[in-house]
Amino acid sequence: MAHSLFWGAEDMKPANGNRPDVTNLKQCDHQAFFEVLDSPPPPTEALRAAFRRTKERSFRRNTWLPTMD
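Procedures and definitions
Residues numbered from 1 in each chain as written. Predicted model: local features only at pLDDT ≥ 70, side-chain atom pairs only at ≥ 80, totals over all residues. Heavy atoms only, no water. Helix = DSSP H or I, 4+ residues; strand = E, 2+ residues; numbered from the N terminus. Areas by Shrake-Rupley, 256 points an atom, 1.4 Å probe, with all protein chains shown as cover. Phe/Tyr/Trp six-rings, centres within 6.5 Å; stacked < 30°, edge-to-face > 60°. Buried < 20%, exposed > 50% of the residue type's maximum accessible area, 1.4 Å probe, protein only. Salt bridge = Lys/Arg side-chain N within 4 Å of Asp/Glu carboxyl O. Patch = residues over 30% accessible without salt bridge, like charges linked within 9 Å, V, L, I, M, F, W, Y side chains within 5 Å. pLDDT = per-residue confidence, 0-100. Contact = heavy atoms within 4.5 Å.

(A) Region of the structure containing the overall build of the protein. The secondary structure content of the protein amounts to two helices and zero strands. Of the roughly 7100 Å² of accessible surface on the protein, a fraction of 60% belongs to carbon and sulfur atoms.

Below, the structure written as structure tokens:
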């Protein structure tokens, strides 16, 4: 028996003729998913820090500045 990386993934079946771009949600999951899309939570400090690091690396690459690593 093959082991799945995700719990419950063996129960998931592709929808619409094996199309990987389609995911069917239960009604409660559908509602929760779209509520979060409509009103996303504010970013955490960890997410803000990750964006700052990415922005700094991108700036250094585009200006050929040496890295501070």
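So, next bit.
(B) Summary view of the packing of aromatic side chains. Summed over all chains, the structure comprises one aromatic pair. Ring centres of Phe33 and Phe34 lie 5.0 Å apart, and the angle between their planes is 85°; this geometry places the pair in the edge-to-face category. Under the relative-accessibility criterion, Phe33 is labelled partly exposed at 44%. Of the residues examined, Phe34 reaches a relative accessible area of 38% and is grouped as partly exposed.

(C) Structural detail: the pattern of salt bridges. Under the definition given, this model contains one salt bridge. Salt-bridge contacts for Glu45 lead to Arg52; the nearest nitrogen and oxygen are separated by 2.8 Å.

(D) Looking closely at a nonpolar patch on the surface. On the surface, Leu25, Phe33, Phe34 and Leu37 cluster together into a nonpolar patch covering about 380 Å² of accessible area. On the secondary structure map, Leu37 appears in helix H1 (residues 27-38). The exposure class of Leu37 is exposed, given its relative accessible area of 52%.

(E) Focus on the confidence of the model for the protein. On average, the protein scores 75 in pLDDT, and the residues at 70 or more come to 58%. Considering only residues more than four positions removed or in separate chains, one finds that residues 1-6, a stretch of pLDDT under 50, has two contacts.

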